Amino acid sequence: MTNPSERATGTLPSVDTTIVHDARLDAVADREFPRVRRGDVAYLNNASTGPLPESSLRALAEFDALRAEPWTISFERQFGTAVRSRELIARLIGASPSEIALMTNTSYGLNLAARMLPLSPGDVVLTSDREFPSNVYPWMAVERTRGVRFQTIPCDGRLLDEGAVLAALDQPGVRVLVLSWVSFETGYAIDLERIGQACAARGIYFVVDAIQGVGALTLDLSQLHVDILACGCQKWLVSPWGTAFVYVRQALISALEPSDVGWMSVRDSDDFTRMLDYDFTYRDDARRFEVVTLPFQEFAAVNVALDLWFEVGPARIAARVAEHVDRLVRWAEGRGDVQLVSSPALVRRSGIVTVLPPDAGRVSASLDAAGVVHSVREGAIRLSPHWFTAAGARRARVARARRRVPTARDDGA
Ligand SMILES: Cc1ncc(COP(=O)(O)O)c(C=O)c1O
């Protein structure tokens, strides 16, 4: 991978590559992401939108073709796709399929949490003061409608102050802590284990927005105390827009009344021969929170992407992401004119590295011109490689990039 600013300015020395040669991983990356890897651009914007693998394109085309002949789509093909998505997602995050509800975006899962958790007027909901808006507005809404108190904890600069978060849990009345696993702005990965334990010990619900973590880092919810976790699949899980899931801890499922009720939220609703035998008994699993109908063709692509994850290995993927991130961190640390905004600490890293040059606007324009696809977030440059990001000799062909990049930036959050 070419050093981004080097490519932008053409004046800086290269950084030694530490990317471990892995022929099998590279072969899978070449097979599935040839458009990313052919080097028209250096795509460092997976925190906005992940590219679709070639196998997913084929799966989408195949499913869409069947939709032109709906009579060819069996019940098993349609609903079995969703069953498999729940299974694969559960396997990826260390959950049970019964704890997974499929959604069309992260925000709906977070809204579910805000509207379903048993909160009373005066109860306190905490988050940080630099959270992504999807973790803020749903709680502001319940503050307005239900009289809960929504409070933010100041960050330490741009990074979460975990000590301050833990201390804040001891305030009277705290009922919910909502945080991103990985910050959209800095890539700071919170200590899910420590915070989850602290919440559990105090009877505080822990709600996590995991969209910037799942797919780049490994996760085993069976070892953690998280109550509700919402995640879109369009970024680090390289899946179509309109695919997401929410995890609800098993013990909590039956205690939560869905805030929106789908016609398949109730038990026995898979039997389409008895639609009018109304039985308003919710399912025991997280499907009670799904408001059907789902975009089945898009979830077919999620399944392909997750098969790919297991083909490569989630730990191997995370290791490759970490290698890319390490190069960027060391590059930023080695320069006097760029401030590393992200935490350099290994345990805080994710797939996002944010840097602050003196004139971010000018540097962003140079990166655009050099074909380095990135984002600008809160005035800083956000770089987000993924496991299939090409390293070493695969350099962007800048001239072609000049023609293509301007529309490619900032198309997602
Ligand atoms: C932390 C975080 N949460 C949520 C989202 C997106 O939410 P949704 O899937 O509802 O669009 C993003 C990025 O777009 C994000 O960075």
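Residues numbered from 1 in each chain as written. Predicted model: local features only at pLDDT ≥ 70, side-chain atom pairs only at ≥ 80, totals over all residues.

Focus: the overall build of the protein
So, step 1. Within the protein, the regular secondary structure consists of 14 helices and 13 strands.
So, step 2. Its C-alpha radius of gyration of 22 Å places the protein within 12% of the 22 Å reference for a compact globule of 413 residues.
So, step 3. By principal-axis analysis of the C-alpha atoms, the protein measures approximately 70 × 60 × 35 Å.
So, step 4. Sequence separation of 24 or more characterises 74% of the internal contacts of the protein that already satisfy a separation of 6 or more. (Helix = DSSP H or I, 4+ residues; strand = E, 2+ residues; numbered from the N terminus. Rg over C-alpha atoms; globule rule 2.2 N^0.38 Å. Contact = placed C-beta atoms within 7 Å.)

Notes on the packing of helix α6 (residues 106-116) against helix α7 (residues 137-146)
So, step 1. α7 packs onto α6 with a crossing angle of 25° between their chain directions and a minimal axis gap of 9 Å. What the angle tells us is that α6 and α7 run roughly parallel. Along this stretch, α6 crosses α7, giving a crossing that reads as right-handed. Residues Leu-110, Asn-111, Ala-114 and Arg-115 of α6 form the contact with α7, whose participating residues are Pro-138, Trp-139, Ala-141 and Val-142.
So, step 2. Of the residues assigned to the contact of α6 with α7, the class counts are 6 nonpolar, 1 polar and 1 charged. (Axes fitted to C-alpha atoms, helices over the stretch in contact; angles between N-to-C directions. Parallel < 35°, antiparallel > 145°, perpendicular 65-115°, else oblique. Left-handed = near helix turned anticlockwise from the far one by under 90°. Nonpolar A, V, L, I, M, F, W, Y, C, P; charged D, E, K, R; others polar.)

Some thoughts on the packing of helix α5 (residues 75-93) against helix α11 (residues 296-312)
So, step 1. One way to put it is that α5 packs onto α11 with a least axis distance of 9 Å and a crossing angle of 35°. Crossing geometry of α5 relative to α11 is assigned as left-handed. In this structure, α5 contributes Gln-78, Thr-81, Ala-82, Arg-84, Ser-85, Leu-88, Ile-89 and Leu-92 to the contact, and α11 contributes Phe-296, Phe-299, Ala-300, Val-302, Asn-303, Leu-306 and Trp-309.
So, step 2. Taken together, the residues of the contact of α5 with α11 break down into 10 nonpolar, 4 polar and 1 charged.

Things to note about the nonpolar core
So, step 1. Grouped together as the largest cluster of nonpolar side chains are 112 residues, with contacts concentrated most on Leu-229, Phe-245, Val-246 and Tyr-247.
So, step 2. When neighbours within four sequence positions are excluded, Tyr-247 is seen to be in contact with Ile-93, Ala-95, Glu-99, Ile-100, Leu-221, Ile-228 and Leu-229. (Core = buried A, V, L, I, M, F, W, Y, C linked by C-beta atoms within 7 Å. Buried ≥ 20, exposed ≤ 12 C-beta atoms within 10 Å, placed from the backbone.)

With respect to helix α9 (residues 192-202)
So, step 1. Along α9, the positions that sit buried rather than exposed are Leu-192, Ile-195, Gly-196, Ala-198 and Cys-199. Down the axis of α9, the sector holding all buried residues measures 160°, keeping them to one side.
So, step 2. Buried residues along α9 sit in contact with α8 (162-168), β5 (174-180) and β6 (205-209).
So, step 3. Gly-203 lies just past α9 and shows a positive phi near 70°. (Arc of directions from axis to C-beta.)

A look at the sheet that holds β6
So, step 1. What the 7 strands build is an open sheet, ordered β2-β8-β7-β6-β5-β3-β4; its pairing is mixed. The sheet is open, and its two borders are formed by β2 (100-103) and β4 (149-153), each paired with just one other strand. Geometrically, the sheet is characterised by an average inter-axis angle of 20° between neighbouring strands, direction not taken into account.
So, step 2. Two elements, β6 and strand β7 (residues 228-232), share 3 bridges in a ladder whose sense is parallel. Across the sheet, the residue bridging to Asp-209 is Ala-230, located in β7. (Pairing = 2+ DSSP bridges.)

Comments concerning the sheet that holds strand β13 (residues 380-383)
Strands in a sheet are paired, the pairing made by backbone hydrogen bonds, and the direction either parallel or antiparallel.
So, step 1. An order of β9-β10-β13-β12 is seen for the 4 strands of this open sheet, with the pairing classed as antiparallel. The strands lining the two open edges of the sheet, one partner per strand, are β9 (339-340) and β12 (375-377).
So, step 2. Two elements, strand β10 (residues 353-356) and β13, share 3 bridges in a ladder whose sense is antiparallel. In the strand pairing of β13, Val-355 is matched with Ile-381.
So, step 3. Packed onto the sheet, helix α12 (residues 314-333) meets β9, β10 and β13 and runs at close to 15° relative to β10.

Side note on the domain arrangement of the protein
So, step 1. Splitting the protein by domain gives domain 1 (4-51 + 313-408) and domain 2 (60-309).
So, step 2. Distance between the C-alpha centres of domain 1 and domain 2: 29 Å.
So, step 3. Facing 25 residues of domain 1, the contacting portion of domain 2 comprises 22 residues.
So, step 4. Elements represented by at least two residues in the side of domain 1 that touches domain 2 include exactly α12 and β10.
So, step 5. Broken down by element, the residue count for the side of domain 1 that touches domain 2 peaks at 5 residues, all from α12.
So, step 6. Among the residues forming the side of domain 1 that touches domain 2, the class breakdown is 10 nonpolar, 10 polar and 5 charged. (Domains from an automatic or database assignment.)

A short note on the pairing of strand β8 (residues 244-248)
So, step 1. Extensive coverage of β8 is indicated by the burial of 5 of its 5 residues.
So, step 2. Side-chain alternation along β8 places Ala-244, Val-246 and Val-248 on one buried face and Phe-245 and Tyr-247 on a second face that is also buried.
So, step 3. With 4 bridges connecting them, β2 and β8 associate as antiparallel partners. Looking across to β8, one finds that Leu-102 is bridged to Phe-245.
So, step 4. Of the pairings in the sheet, the one linking β7 to β8 comprises 5 bridges and is antiparallel in character. Residue pairing in the sheet places Cys-231 in a bridge with Phe-245 of β8.

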